[in-house]
Amino acid sequence: MAKNRHNKQDKPKKASVMKTLKSLPYEKTKFKWKSALKYLGVGFLLYAVLKVLLLLDLRIFFVVYEILAGIPIIAYVIVVRGRMGKTPTPEELPDEWSPAEKQSFIDEENALKKKGRPLLMVALPLLIAIMMAFITEYFFPIYFG
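Residues numbered from 1 in each chain as written. Predicted model: local features only at pLDDT ≥ 70, side-chain atom pairs only at ≥ 80, totals over all residues. Heavy atoms only, no water.

(A) Expanded view of the packing of helix α2 (residues 33-55) against helix α3 (residues 60-79). Close contact between α2 and α3 brings their axes to 8 Å; oriented N to C, the two are set at 150°. Our classification of the angle between α2 and α3 gives roughly antiparallel. Along its contact with α2, which presents L46, V49, L50, L53 and L54, the element α3 presents F61, F62 and Y65. Considered class by class, the residues forming the contact of α2 with α3 number 8 nonpolar, no polar and no charged. (Axes fitted to C-alpha atoms, helices over the stretch in contact; angles between N-to-C directions. Helix = DSSP H or I, 4+ residues; strand = E, 2+ residues; numbered from the N terminus. Parallel < 35°, antiparallel > 145°, perpendicular 65-115°, else oblique. Contact = heavy atoms within 4.5 Å. Nonpolar A, V, L, I, M, F, W, Y, C, P; charged D, E, K, R; others polar.)

(B) How the structure looks around the packing of α3 against helix α4 (residues 99-144). Closest axis-to-axis distance for the α3/α4 pair is 8 Å, and the angle between their directions is 155°. The orientation of α3 relative to α4 falls into the category roughly antiparallel. Handedness of the α3/α4 crossing: left-handed. Of the residues belonging to the contact of α3 with α4, the class tally is 21 nonpolar, 1 polar and 3 charged. (Left-handed = near helix turned anticlockwise from the far one by under 90°.)

(C) How the structure looks around unusual backbone geometry. Positive phi, normally seen in glycine, also occurs at D57, with a value near 65°. Note on placement: D57 falls in the loop between α2 and α3. One non-glycine residue, R81, lies in the positive phi region at around 60°.

(D) Seen up close, the layout of surface pockets. Roughly 200 Å³ of volume is contained in the largest pocket. Here the lining of the largest pocket gets 3 residues from one element, more than from any other, and that element is α2. Of the residues belonging to the lining of the largest pocket, the class tally is 3 nonpolar, 2 polar and 3 charged. (1 Å grid on protein atoms, 1.4 Å probe; cavity = no way out; pocket = protein on both sides within 12 Å on 5 of 7 lines; lining within 4 Å. Points joined across faces, edges and corners; volume = space filled by probe spheres on them.)

(E) Looking closely at a nonpolar patch on the surface. A cluster of nonpolar side chains, contributed by V52, L56, L58, I60, F61, V63, V64, I67, L68 and I71, occupies part of the molecular surface with about 850 Å² of accessible area. Considering each element in turn, the nonpolar patch owes the most residues, 7 residues, to α3. In this fold, V63 is placed in helix α3. (Patch = residues over 30% accessible without salt bridge, like charges linked within 9 Å, V, L, I, M, F, W, Y side chains within 5 Å. Areas by Shrake-Rupley, 256 points an atom, 1.4 Å probe, with all protein chains shown as cover. Salt bridge = Lys/Arg side-chain N within 4 Å of Asp/Glu carboxyl O.)

(F) Spotlight on the pattern of salt bridges. Considering all chains together, one arrives at 3 salt bridges under this definition. We note a salt bridge from R59 to E137, for which the minimum N-O separation is 3.3 Å. Taken together, the positions of R59 in the loop between α2 and α3 and E137 in helix α4 put the pair 78 residues apart, joining distant regions of the chain. Judged by its relative accessible area of 43%, R59 is partly exposed. The class for E137 is buried, based on a relative accessible area of 18%. E108 is the partner of R81 in a salt bridge, and the nearest nitrogen-oxygen pair spans 2.5 Å. One end of the pair, R81, is in the loop between α3 and α4; the other, E108, is in helix α4, and 27 residues separate them in sequence. In the salt-bridge network here, residues are joined through shared partners; they are K51, R59 and E137. (Buried < 20%, exposed > 50% of the residue type's maximum accessible area, 1.4 Å probe, protein only.)

(G) Fine view of the packing of aromatic side chains. All told, the structure shown has 5 aromatic pairs when counted by the stated rule. Between the aromatic rings of F62 and Y138, the centroid separation amounts to 6.2 Å while the plane-to-plane angle is 75°, which identifies the pairing as edge-to-face. Of this pair, F62 sits in helix α3 while Y138 sits in helix α4, placing them 76 residues apart in sequence. Using a relative accessible area of 37% as the deciding quantity, one classes Y138 as partly exposed. Among the aromatic residues, ring-to-ring pairing joins F62, F134 and Y138 into one connected group. (Phe/Tyr/Trp six-rings, centres within 6.5 Å; stacked < 30°, edge-to-face > 60°.)

Quick look at the structure:
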């Protein structure tokens, strides 16, 4: 009698994606509803202004909004020196650095991010307005006639 090559004992156990994701270490942060609603509100207000300008056939303001959104985004990248990820922990920094150097690097990273935050606060509502205008001006007419 031939041996079954596909024994249940021989098969490696597959971990489900959810179990794998739950086992990953991450920092749980509370969602800031007040800030999100504030950005959405200002974004919709800017969208309303842009929509009125587009109805008056002043399409140049669509480009103006894009430029106004691009300037703070580029300035943010310059201010934070291109470091946009999570602030590293002292263990992730090079071993050759002294603890004082590691701490000063982390403090500098946090200070740069704090300086750049207002630039994102300007850019985000503009990006929301541009997105809404793009959807209503281009997407809806194409797909919904």
